[in-house]
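# Overview (structure and organization)
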Amino acid sequence: MAAPKVAVIGAGVIGLSTALCIVETCPSSSVTILSDQFSPNTMSDVAAGMLIPHTYPDTPIHVQKQWFKETFTYLFAISNSAEASEAGIHLVSGWQVFKSTPKEELPFWSDVVLGFRPMSKPELQKFPRHRFGQAFTTLKCDCPPYLLWLEKRLKATGVQMYNRKVADLWELQREYDIVVNCAGIGAHQLVGDKKLFPVRGQVLQVHAPWVKNFIRDGDGLTYIYPGIHRVTLGGTREKDSWSLSPDPGTTRDIFDRCCSLEASLQEAQDIRVKVGLRPSRHRVRLQREVLSQGGVKLLVVHNYGHGAGGFSVHRGTAKEAARLVGECIAALRGSSSRAKL
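Residues numbered from 1 in each chain as written. Predicted model: local features only at pLDDT ≥ 70, side-chain atom pairs only at ≥ 80, totals over all residues. Heavy atoms only, no water.

Under an unreviewed UniProt entry, the name given to the chain is D-aspartate oxidase, and the source organism is Formicarius rufipectus. As recorded by UniProt, the Sequence similarities (unreviewed entry) comment attached to the chain reads in full: "Belongs to the DAMOX/DASOX family." Annotation of the chain in UniProt includes, under Cofactor (unreviewed entry), the sentence "FAD". (UniProt positions renumbered as here; feature names shortened; annotations may be inferred.)

So this is what it looks like as structure tokens:
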């Protein structure tokens, strides 16, 4: 059969990395990315890009750990290469602090990040309102550079990218053999997924080059993540809010909360506000599906619903989605062979 044509819907971190994994694992395929938004206008561009996993309640921990480990290993190799600066990937050390000792003093990902340990008493003196803490080194992606780096790699392999809003998966049936749905929050409308809901996040990006260490409150709401050029201050987790308009009261609240963890941020300059909608589900939708309409079939692979944890597991879930695409290609070849007989 001719090279199978694969359409990937979505050009955020999940769509781009899934397309790249398909190219790497199914080199005989022809991959096209279709999206109504590309960087710097995707939801992924708003993300802080810190590799600290979010837990999915309906997914086995060993699966989540595998996704995280594959992502960490992949990005760690880039951070040690000449491409680290262009890709916006760097190591950052810091602390996660808690007002009371958490049930889980050793999270499932503690042996994947580097140098994980409980904080010492002298270290905790920096955070007088917190009683327990964890120190470790992890990776941070500066999102717009990373997305552009992924796009550049895809274009070098011959992947086509088109600005196109897909309203219905079936509109692609005549053009493509397999459709990969990485539409993020757009899947709510595209495939009518009622289990998918937005969690609104508002963050600030500030100029504070003296801040070198990340600080994250254990509740996950307040965080300070230094990037290569700017520091991301957060944040909010507003379930079922679709608003993309910055809220000035929220901006003040985020700034005050972050200053309570790092007083020197009072001197931060050039505050920019960004808002994104995390595409959230109780579990990532990562599966094959065969749609059927009037005797016509459409092979679909879904990879969306990563919520707050997308950057932490993007490479791991992309590899799994690419494996599922490989299964679809094998099924197509099998039916093609039977048709010849």
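### A word on the nonpolar core
Counting residues in each nonpolar core, the largest one holds 67 residues, and the members touching the most others are I33 and Y146. Ranked by residues supplied to this core, first place goes to helix α8 (residues 310-340) with 10 residues. Not counting residues up to four positions away in its chain, the partners in contact with Y146 are V13, Y74, L75, A87, I89, C141, F311 and H314. By size, the runner-up hydrophobic cluster in this structure holds 21 residues, among which are A135, A208, I224 and L261. (Core = buried A, V, L, I, M, F, W, Y, C linked by side-chain atoms within 4.5 Å. Buried < 20%, exposed > 50% of the residue type's maximum accessible area, 1.4 Å probe, protein only. Helix = DSSP H or I, 4+ residues; strand = E, 2+ residues; numbered from the N terminus. Contact = heavy atoms within 4.5 Å.)

### Regarding the packing of aromatic side chains
For the coordinates displayed, the defined rule picks out 12 aromatic pairs. Both rings, one in F136 and one in F214, keep their centres 5.1 Å apart while their planes meet at 55 degrees; by these two values the pair is tilted. Highlighted residues: F136 in strand β5 (residues 132-141) and F214 in strand β9 (residues 214-217), separated in sequence by 78 residues. Among the residues examined, F214 registers a relative accessible area of 0% and is labelled buried. (Phe/Tyr/Trp six-rings, centres within 6.5 Å; stacked < 30°, edge-to-face > 60°.)

### Side note on the state of the cysteines
Taken as a whole, this structure holds 0 disulfides when the rule is applied. There is no disulfide at C26, and the cysteine sulfur nearest it, in C328, is 9.4 Å away. Not part of a disulfide, C258 finds its nearest cysteine sulfur in C259, a span of 7.2 Å. (Disulfide = S-S within 2.5 Å.)

### Topic: the side chain of S17
In this fold, S17 is placed in helix α1 (residues 13-25). On the accessibility criterion, S17 (2% relative accessible area) is buried. Side-chain polar atoms of S17 contact the backbone oxygen of V13, separated by 2.4 Å. Polar contacts involving the side chain of S17 include one to the main-chain carbonyl oxygen of I14, which spans 3.4 Å. When near neighbours in sequence (up to four residues on either side) are disregarded, S17 contacts L150, H314 and A318. (Polar contact = N/O pair within 3.5 Å; in protein donor to acceptor, adjacent residues only side chain to side chain.)

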